[in-house]
Amino acid sequence: MSGRYTELFRLPSALICEECPVVIEAGTLLKDNANGHVLAQLKLTNLSNQNLIACKVLVKPVNPYGAATENVEFHYLDMNVSKGVPFGTRQPIYLPDDSSRSYDVSILEIAFDDGSVWNNEASKWISIGDQAKISEYLYDADLEEQFYIEEGKGALFVPERHTSHWRCTCGALNLYDSNACYKCNRNIISVEEHLNKQYLTERLALRREENERLEQERVARAEEEKKKIEEERRKKEEERRKKEEEKRHELELKRNKAKNIIIIVATCVILCGISIVFYKVVLPKIWYQKAESLEKKGDYEKAFVYYDKIGKDEEAENAAILHIKDLVLDNKFQEARLYAQTKKLPQEVENEIFRIESIKSGMFDEIKNAEIGDNVTFGKRPIFKNGVKINNNKNDYPAEWFVVDRDNDKVLLLASMPYWDVGTCKYDTLDEYLDNGELKEIYDNAFTKEEKSLVIESEHEIEIVRYNGIRKIESLTEKKRNKLFSLSIEEVEKYRYRLSTFEKNDIYRYKSVLRGIRELEEDYYLIVLDNNKAKYLNSFTNSESLRYQPAMWVDLSSDFNESVLENHE
């Protein structure tokens with residue numbers, strides 16, 4: 001043995017003593033190369049049904065000359081070893097004489113957990129040696145296989161009987177207090193019967209006969225199955241031929257019937273075609289010509305009826321609008337509204353009727369007669385605080401607007417005072433800014449129904465400029481349609497001189513949001529006007545107070561706008 005210990009001696013295997021409930025399975029004598037001392041090590045196994053708690057052994061050493069040296073009594077203590085469990089392998093027994101080179105051993109006393117003690121100092125210990133293998137005993141592969149079938153693959157050894165012990169086919173040593181092995185639960189009597197060569201020969205012959213019978217049955221079943229499959233195939237083939245014959249006969253009947261049907265159908269098709277041509281082509285053409293004739297004569301109401309009959313929705317709506325236009329010119333506003341509702345025209349048509357009625361009533365003559373640079377009143381000026389309208393009517397007063405541009409009857413108005421007096425920008429994202437959320441709140445709260453009918457929804461471009469440091473790398477344009485909007489930097493410069501009489505040439509006297517965005521290193525900045533100078537404000541994270549001075553175009557024309565349907569689409 002290499003390393004620290006050198007093996008000097010080994011006991012014969014499997015030492016037993018008559019009636020002793022513990023077997024000495026192995027023992028060695030080792031030399032500790034570190035200090036020259038010698039020690040014995042034992043492997044013992046409890047065969048009793050009771051748990052073992054202590055064991056005293058006697059080691060009788062012998063020197064190389066055959067003389068006995070000093071004996072050693074050793075106690076294995078503080079244990080609780082159950083049946084079949086080995087112990088002692090981790091407890092060295094140091095011998096007093098380092099010249100010892102062999103030893104005898106015996107067990108003197110054993111104590112169990114039920115209080116019982118075994119002792120027999122005069123007992124003789126004998127080695128029962130190695131156990132013979134099944135393969136060596138039978139020396140026949142077929143008989144060996146049959147034995148394994150009877151007892152299982154774990155049956156490796158020939159069972160042995162001794163005076164007070166027996167050794168199982170699995171190799172475990174047992175006392176005669178039971179015929180069943182504590183380790184594999186095999187019965188020694190049954191194993192001995194099954195190991196009989198005559199018994200195994202007879203069982204092998206029976207198994208072979210049974211296997212032969214099973215093979216014959218398997219072959220017979222396979223042959224029967226083959227015949228059954230062949231019979232089913234023949235039946236299916238016959239059924240297939242029969243169905244094909246029936247199909248040919250049925251097809252012949254259908255062909256004859258089809259000839260008659262074709263004649264009948266052809267006649268019906270001709271008659272239906274004539275009817276379809278009349279109702280789908282001729283009659284609609286007559287109605288369409290009638291509608292056009294009525295439209296030319298100015299009878300739009302009747303023209304609508306004929307257009308509606310032939311499904312000309314666009315022409316019908318146009319005819320209805322032209323009829324409403326005539327009613328509006330005659331100041332028949334209530335009749336025009338009822339007609340629009342009856343014909344289920346878009347809401348934009350009713351709004352246009354309402355707009356013209358308001359203008360003709362003189363409600364908005366102040367704006368209609370105003371010139372560029374004039375100051376006019378239009379709507380109320382609700383007060384907002386932190387993005388929320390203060391719901392106190394005494395805080396709402398007439399709003400003043402600058403007339404900054406005209407296009408005939410279309411007037412561009414700019415609020416003379418901000419609508420957003422206190423608080424910070426509500427925008428958390430760029431998309432919210434582009435949707436003009438605050439301006440929509442102003443529109444919803446500031447104007448009456450009559451005033452709203454004048455405000456035109458117009459398209460505006462919002463420029464988003466991206467910079468890398470100071471170098472412009474990209475410019476995008478986002479288009480939005482709104483009724484209220486903020487002026488761009490270009491519009492501020494364009495209209496500034498027209499308002500020179502107001503507020504010392506300052507259009508904007510507050511930090512007001514303009515229409516434009518600048519992106520610097522992935523952060524977005526609003527363009528605002530502060531003391532008449534453009535600057536950038538990171539409003540999405542900045543808490544500075546902002547102002548909204550909205551602008552809007554209003555339509556003061558008393559002519560009916562026929563493009564309302566286009567706006568609707």
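Cut-offs and rules
All residue numbers refer to positions counted from 1 along the written sequence of the respective chain. Local features in this predicted model are restricted to residues whose pLDDT is 70 or higher, and side-chain atom pairs enter the listing and the counts only when it is 80 or higher, whereas totals over whole chains, interfaces and linings include all residues. Hydrogens and water are ignored here; the side-chain numbers use all heavy atoms of the structure. The helix and strand labels rest on DSSP assignments: H or I over at least four residues marks a helix, E over at least two residues marks a strand, and numbering proceeds from the N terminus. The buried label applies to any residue whose accessible area, calculated with a 1.4 Å probe on protein chains only, is under 20% of its type's maximum; exposed applies above 50%, and partly exposed to all values in between. Only heavy atoms enter the contact rule, under which two residues are in contact if any of them lie within 4.5 Å. The protein chains shown are the only cover counted for residues, whose accessible areas, like all others here, come from Shrake-Rupley with a 1.4 Å probe. Salt bridge, as used here, is a side-chain nitrogen of Lys or Arg placed within 4 Å of a carboxyl oxygen of Asp or Glu. Residues form patches when they are more than 30% accessible in relative terms and have no salt bridge. Like charges link within 9 Å. Nonpolar side chains (Val, Leu, Ile, Met, Phe, Trp, Tyr) link within 5 Å. Positive charges come from Lys and Arg alone, negative charges from Asp and Glu alone, with His and the N- and C-terminal ends not counted. For the purpose of locating charges, the reference atoms are NZ of Lys, CZ of Arg, CG of Asp and CD of Glu. Strands qualify as paired when DSSP identifies two bridges or more between them. By nonpolar core we mean a set of buried residues, namely Ala, Val, Leu, Ile, Met, Phe, Trp, Tyr and Cys, connected to one another through side-chain atoms within 4.5 Å. Helix span is expected to be 1.5 Å times the residue number reduced by one. Lines are fitted to the C-alpha atoms to define the axes, a helix being fitted only along its stretch in contact, and any angle between axes, read from their N-to-C directions, falls within 0 to 180 degrees. Under this definition, polar contacts are N or O atom pairs within 3.5 Å; protein pairs additionally need one hydrogen-donor-capable and one acceptor-capable atom, and for neighbouring residues in sequence, both atoms have to be side-chain atoms.

(A) Seen up close, the overall build of the protein. Counting secondary structure elements, the protein contains 14 helices and 25 strands. For the protein, the residues scored as buried account for 38% of the 569 residues in total. For the protein, restricting intrachain contacts to residue pairs at least 6 apart in sequence, the fraction spanning at least 24 positions comes to 62%. By element, 48% of the accessible surface of the protein is carried by carbon and sulfur atoms, the whole surface being about 33,100 Å².

(B) Here's a closer look at the pattern of salt bridges. This model, assessed by the stated rule, comprises 21 salt bridges. A salt bridge links E160 to R167; the nearest nitrogen and oxygen atoms lie 2.9 Å apart. Looking at E160, the relative accessible area reads 16%, which means it is buried. Judged by its relative accessible area of 7%, R167 is buried. R213 serves as the salt-bridge partner of E217, at 2.4 Å between the closest nitrogen and oxygen.

(C) Spotlight on a negative patch on the surface. Where like charges cluster on the molecular surface, the negative patch consists of E223, E224, E225 and E232. Take E225: it is sitting in helix α4 (residues 197-296). Given a relative accessible area of 40%, E225 falls into the partly exposed group.

(D) How the structure looks around unusual backbone geometry. Even without being a glycine, E19 presents a positive backbone phi close to 70°. One can find E19 in the loop between β2 (15-17) and β3 (22-32). Even without a glycine there, the phi angle at D78 is positive, about 55°. The exposure class of D78 is exposed, given its relative accessible area of 80%.

(E) Highlighting the pairing of strand β19 (residues 410-415). Counting buried residues along β19, five of its six residues qualify, which places the element largely inside the surrounding structure. Relative to β19, strand β18 (residues 397-407) is paired through six bridges, and the arrangement is antiparallel. Each bridged residue has a counterpart across the sheet, and for R406 the counterpart in β19 is V411. Two successive antiparallel strands, β18 and β19, enclose a turn made up of two residues, where N408 displays a positive phi of approximately 60°.

(F) Region of the structure containing the nonpolar core. Judged by nonpolar contacts, the single largest core of 29 residues is most densely connected at L42, L44, L52, Y76, F87, I107 and I110. Of all elements in the fold, only β2, β3, β4 (38-46), β5 (52-62), β6 (72-76) and β9 (102-112) reach the threshold of two or more residues within this core. Here the element with the most residues in this core is β9; it accounts for five residues. In this structure Y76 touches L42, L44, I53, A54, C55, V57, F87, G88, Q91 and I93, once residues within four positions along its chain are discounted. If you look at the next biggest cluster of nonpolar residues, it comprises 23 residues, including I442, F447, L454 and L556.

(G) Highlighting helix α8 (residues 347-360). An ideal rise of 1.5 Å per residue puts 20 Å on 14 residues; α8 measures up with 20 Å between its terminal C-alpha atoms. Within α8 the residues assigned to the buried category are V349, E350, E352, I353, F354, R355, I356, S358 and I359.

(H) Quick look at the sheet that holds β18. Ordered by their spatial adjacency, four strands build an open sheet running β15-β18-β19-β25, and the pairing between neighbours is antiparallel. Edge strands, defined here as strands with exactly one partner in the open sheet, are β15 (375-381) and β25 (551-555). Going across the sheet, the axis of each strand differs from the next one's by a mean of 40°, ignoring polarity. As paired elements, β19 and β25 share five bridges and run antiparallel to each other. Bridging across to β25, L412 finds its partner in W553.

(I) Representation of a nonpolar patch on the surface. A contiguous nonpolar patch, built from I261, V265 and V269 and spanning about 240 Å² of accessible area, is present on the exposed surface. Inspection of the secondary structure assignment puts I261 in helix α4. For I261, a relative accessible area of 41% translates into the label partly exposed.

(J) Region of the structure containing the environment of L173. Tracing the backbone shows L173 in strand β14 (residues 173-175). Note on L173: relative accessible area 9%, which makes it buried. Considering only alpha carbons, one finds L173 and K183, ten residues apart in sequence, at a separation of 9.0 Å. Ignoring any residue separated from it by four or fewer positions in sequence, one finds L173 in contact with I16, V23, L47, I128, H165, W166, R167 and Y182.

(K) Layout of the environment of Y182. Take Y182: it is sitting in the loop between β14 and α3 (188-194). Look at Y182 and you get partly exposed, because its relative accessible area is 29%. The sequence separation of Y182 and A172 amounts to ten residues, and the corresponding C-alpha distance is 7.9 Å. Those residues in contact with Y182 that lie beyond four places of it in its chain are T45, L47, K83, G84, A172, L173 and N174.

(L) Highlighting helix α2 (residues 141-151). When we look at burial in α2, the residues that qualify are L143, E144, Q146, F147, Y148, E150 and E151. Looking at where α2 begins, the residue whose side-chain oxygen comes 2.9 Å from the main-chain nitrogen of D142 is D140. Positive backbone phi, approximately 95°, marks G152, located one or two places after α2.

(M) Spotlight on the environment of R167. Within the secondary structure, R167 sits in strand β13 (residues 165-167). Taking C-alpha positions, R167 is 8.5 Å from I188, a pair spaced 21 residues apart along the chain. If we skip the residues at most four places from it in the chain, R167 touches A14, I128, G129, D130, Q131, P159, E160, A172 and L173. Of note is the side chain of R167, whose polar atom sits 2.8 Å from the backbone oxygen of G129.

(N) Examining the sheet that holds strand β10 (residues 117-119) more closely. Across the sheet, which stays open at both edges, the four strands sit in the order β6-β5-β9-β10 with antiparallel pairing between neighbours. A strand with exactly one partner marks an edge of an open sheet, and here the two such strands are β6 and β10. Taken pair by pair, the neighbouring strands of this sheet meet at an average axis angle of 25°, ignoring direction. Of the strand pairs in this sheet, β5 and β9 are connected by ten bridges, and their pairing is antiparallel. For K56, the partnering residue across the bridge sits in β9 and is E109.

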